[in-house]
Amino acid sequence: MANLDLTKYGITGSVEIIRNPSYEELFKEETKAGLEGFEVGQETELGAVNVMTGIYTGRSPKDKFIVMDENSKDTVWWTTDEYKNDNHAASKETWDAVKKIAVEELCNKKLFVVDAFCGANKDTRMAVRFIVEVAWQAHFIENMFIKPTAEELENFEPDFVVYNASKAKVENYKELGLNSETAVVFNITSREQVIINTWYGGEMKKGMFSMMNYYLPLKGIASMHCSANCDMDGKHTAIFFGLSGTGKTTLSTDPKRRLIGDDEHGWDDNGVFNFEGGCYAKVIGLDKESEPDIYNAIKRDALLENVTVDANGKIDFDDKSVTENTRVSYPIDHINNIASEVNGVSAGPAAENVIFLSADAFGVLPPVSILTAEQTKYYFLSGFTAKLAGTERGITEPTPTFSACFGQAFLELHPTKYAEELVKKMEKSGAKAYLVNTGWNGTGKRISIKDTRGIIDAILNGDVLKAPTKKIPFFDFEVPTELPGVDSGILDPRDTYANASEWEEKAKDLANRFIKNFSKYEGNEAGKALVAAGPKL
Ligand SMILES: Nc1ncnc2c1ncn2[C@@H]1O[C@H](COP(=O)(O)OP(=O)(O)O)[C@@H](O)[C@H]1O
Ligand SMILES: C=C(OP(=O)(O)O)C(=O)O
Ligand SMILES: [Mn+2]
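Residues numbered from 1 in each chain as written. Chains lettered and ligands numbered in written order. Predicted model: local features only at pLDDT ≥ 70, side-chain atom pairs only at ≥ 80, totals over all residues. Heavy atoms only, no water.

If you look the chain up in an unreviewed UniProt entry, it shows as Phosphoenolpyruvate carboxykinase (ATP) from Ruminococcus albus. The Function (unreviewed entry) field of the UniProt record for the chain holds the comment "Involved in the gluconeogenesis. Catalyzes the conversion of oxaloacetate (OAA) to phosphoenolpyruvate (PEP) through direct phosphoryl transfer between the nucleoside triphosphate and OAA." (UniProt positions renumbered as here; feature names shortened; annotations may be inferred.)

Written out as structure tokens, the structure is:
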């Protein structure tokens, strides 16, 4: 395998090709003398290396394109004026041009090639080859994707190739119909991705997630933007859907349970399986006391991004001067209790509890609502939350949004397809769904991690179904009025306002937004039938 041939990709004149480097080699490469600009990694007091990712410290959805061809034309959920999404169409000519830019950037260089899997299920996993010129990018990939065994590496045949040319620019982007000098372009037919002018690792991670979101539902497998964990015996799986910053990583990392994965999962007839081999946690304001497992995962081999570190390697997790989206990637075995230790792979049986995390910036949603089957479909398709600062370019404060299936930016097919697959699986396992607000309430502050953890515990141990409940107006949510370990004063959101009429006013406004947003699903009978499960004025 020493002589990996990249000329078949048009990449010629390679000075050196380092394939699947060890962590030891990566450490040397990313901290060695002579590196320049954003290539430089700095060793920190916790042993993890920190890097700066440049202008792009979050994903850039406006620069995401998919080649429109015979194959993708009628399957991909394209953006339209009536319903905008992030699936912008690129022509085949544009594809040829951006691929050429990427390949030229990668010619005559020392390169890193990382071969890895996306998907823990051997029958449906994608073998991905990443070609990059920056050592820490190779490190990020090794942390986040599933490492092949020596034997698997020997016989590795990529199903998908990613060309990361973060140092290049698309100068003639206007001519090519692109949005800027930055481009993240997918070719579903040739199974390739090109990344130009952004160093943010999330484009590779969420890029392959988007591709799984295309291929898996077409095979009858649910593909989900959620975290997952199970009990200590590897059973009783729970999944946590949520847009960036709503708490998937924080809440699935639970010392009482085993982690399956923190962000991207499939659900097939055997159960829930992780797509990834590692986690990508936010570290802004990271507090050792409230998130000890994440804190302890930050050690040698973990990779910090955009964190403020002084000349002696001392970390300041509270500093937001570069971005609020400071991150750490680490291989999943940096977490003490993981599902693969008892289940062999990062997987668990069919989920029994399905939790929708929503960070409501309006302070209207109760901290926990028990959903009916119809409400489950309605709230999944609605995907209401707030986009939190940082993960996407241009978002600087909590911004309310309806992100279908709690992951619209990564959906390649129509949202109803994901809802259909999820509901099929939930019906089969008899799973119950809950809507959990990890955002704000009438106090003007975010609900505490402690209270949210108490709520999650009550869902997972069944207490929530034994608790006395009441109904919340407009939304018809059933909410518990007391739960062990949770401040009873917050369970009815109206109690967190000086005057309940303040809540009422905001609730009416939010209900209206739901109704308006849902009109896009009312074009068919199934959509129309769900309206009754939504808010009413
Ligand atoms: N009640 C809460 N529940 C979950 N996370 C919270 C809560 N309050 C504040 N946070 C913070 O919000 C962020 C959640 O981010 P994260 O778990 O990485 O989300 P995701 O994985 O869904 O992108 C963390 O920085 C966490 O400390
Ligand atoms: C890395 C990302 O995911 P999350 O914030 O959900 O962890 C992202 O959306 O770019
Ligand atoms: Mn996360």
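Past the structure itself, the notes keep going.
Peer 1: Could you give me a rundown of the site of ligand 1, with the residues and numbers involved?
Peer 2: Not every one of the 16 residues close to ligand 1 is listed here, only the nearest: Gly 245, Lys 248, Thr 250, Lys 282 and Glu 291. In the environment of ligand 1, an oxygen atom lies 2.8 Å from a nitrogen or oxygen atom belonging to the side chain of Lys 248. In the environment of ligand 1, an oxygen atom lies 2.6 Å from a nitrogen or oxygen atom belonging to the side chain of Thr 250. Isolated, ligand 1 exposes 570 Å² of accessible area, and the fraction of that covered by the protein chains is 90%. Going through the elements one at a time, helix 6 (248–252) and helix 11 (449–460) are the ones with two or more residues in the shell around ligand 1. Sort the elements by how many residues they give to the shell around ligand 1 and helix 6 lands first, with three residues. The residue inventory of the shell around ligand 1, partitioned by class, reads three nonpolar, nine polar and four charged. (Near = heavy atom within 4 Å. Polar contact = N/O pair within 3.5 Å; in protein donor to acceptor, adjacent residues only side chain to side chain. Areas by Shrake-Rupley, 256 points an atom, 1.4 Å probe, with all protein chains shown as cover. Helix = DSSP H or I, 4+ residues; strand = E, 2+ residues; numbered from the N terminus. Nonpolar A, V, L, I, M, F, W, Y, C, P; charged D, E, K, R; others polar.)

Peer 1: Can you tell me about the sheet that holds strand 21 (residues 327–331), naming the residues and giving the values?
Peer 2: The five strands are arranged 2-3-18-21-17 in an open sheet whose pairing can be described as mixed. For this open sheet the edge positions go to strand 2 (41–43) and strand 17 (278–282), each flanked by a neighbour on one side alone. On average, each strand axis in the sheet is tilted by 25° relative to the strand beside it, whichever way the strands run. Where strand 3 (residues 49–51) lies against strand 18 (residues 303–305), three bridges are found, and the strand directions are parallel. (Pairing = 2+ DSSP bridges. Axes fitted to C-alpha atoms, helices over the stretch in contact; angles between N-to-C directions.)

Peer 1: I'd like a description of the UniProt feature "binding site: Mn(2+)" (unreviewed entry) in the chain, backed by residues and values.
Peer 2: Residues annotated by UniProt as "binding site: Mn(2+)" (unreviewed entry) correspond here to Lys 206, His 225 and Asp 263. On the basis of their most widely separated C-alpha atoms, the annotated residues across 58 residues gather in one place, lying no more than 9.9 Å apart. Here Lys 206 lies in helix 5 (residues 202–215). Classification of Lys 206 by relative accessible area gives buried; the value is 10%. Beyond its immediate stretch of four places on either side in the chain, Lys 206 contacts Arg 59, His 225, Asp 263, Glu 264 and Phe 410. By the element assignment, Asp 263 lies in the loop between strand 14 (258–261) and strand 15 (265–268). (Buried < 20%, exposed > 50% of the residue type's maximum accessible area, 1.4 Å probe, protein only. Contact = heavy atoms within 4.5 Å.)

Peer 1: Help me get a handle on the environment of Thr 481, residues and values and all.
Peer 2: Within the element layout of this structure, Thr 481 appears in the loop between strand 29 (477–480) and helix 13 (500–518). By relative accessible area, which is 27% here, Thr 481 ends up partly exposed. Measuring from C-alpha to C-alpha, the distance between Thr 481 and Asn 270 comes to 36 Å, with 211 residues separating the pair along the chain. Ignoring any residue separated from it by four or fewer positions in sequence, one finds Thr 481 in contact with Pro 468, Thr 469, Lys 470, Ser 488 and Leu 491.

Peer 1: How would you explain the state of the cysteines if you had to name every residue and give the values?
Peer 2: Scanning the model with the defined rule gives zero disulfides in all. The thiol of Cys 118 is unpaired, and the distance to the nearest cysteine sulfur, on Cys 226, comes to 13 Å. (Disulfide = S-S within 2.5 Å.)

Peer 1: Break down the domain arrangement of the chain for me, citing the residues and quoting the values.
Peer 2: Per the domain assignment, the segments of the chain are domain 1 (7–38 + 58–221) and domain 2 (222–278 + 343–533). The C-alpha-based centres of domain 1 and domain 2 are spaced at 30 Å. Note on domain 1 versus domain 2: buried area summed over both sides is about 3000 Å², and carbon and sulfur give 56% of it. Applying the counting criterion to the domain 1 and domain 2 interface returns five salt bridges. One salt bridge connects Lys 64 with Glu 412, and the closest N-O pair in it is separated by 2.7 Å. For the side of domain 1 that touches domain 2, the secondary structure elements donating two or more residues are strand 4 (64–67), strand 6 (110–118), helix 3 (135–144) and helix 5. Taken together, the residues of the side of domain 1 that touches domain 2 break down into 20 nonpolar, 12 polar and six charged. (Domains from an automatic or database assignment. Buried area = accessible area lost by both parts, 1.4 Å probe. Salt bridge = Lys/Arg side-chain N within 4 Å of Asp/Glu carboxyl O.)

Peer 1: Just give me the short version of a negative patch on the surface, but keep the residues and values in it.
Peer 2: A cluster of acidic residues, Asp 287, Glu 289, Asp 316 and Asp 318, forms a negative patch at the surface. On the secondary structure map, Asp 287 appears in the loop between strand 17 and helix 7 (292–297). You can call Asp 287 partly exposed: its relative accessible area is 31%. (Patch = residues over 30% accessible without salt bridge, like charges linked within 9 Å, V, L, I, M, F, W, Y side chains within 5 Å. Lys, Arg positive; Asp, Glu negative; His and termini not counted. Charge placed at Lys NZ, Arg CZ, Asp CG, Glu CD.)

Peer 1: I'd like a rundown of the side chain of Ser 60, residues and numbers included.
Peer 2: Mapped onto the fold, Ser 60 is located in the loop between strand 3 and strand 4. With residues up to four places along the chain from it excluded, the contact list for Ser 60 reads Glu 203 and Arg 393.

Peer 1: Now, about the site of ligand 2: what can you tell me, with residues and values included?
Peer 2: Among the 13 residues in the neighbourhood of ligand 2, the closest are listed as Arg 59, Lys 206, Ser 244, Lys 248 and Arg 327. Ser 244 places a side-chain nitrogen or oxygen 2.4 Å from an oxygen atom of ligand 2. A distance of 3.0 Å is found between an oxygen atom of ligand 2 and a side-chain nitrogen or oxygen belonging to Lys 248. Starting from 290 Å² of accessible surface for ligand 2 in isolation, the protein chains cover 99%. Among the secondary structure elements, those contributing two or more residues to the shell around ligand 2 are helix 5 and strand 17. Split into classes, the residues belonging to the shell around ligand 2 amount to three nonpolar, three polar and seven charged. Both domains that furnish three or more residues to the shell around ligand 2 are identified here as domain 1 (7–38 + 58–221) and domain 2 (222–278 + 343–533).

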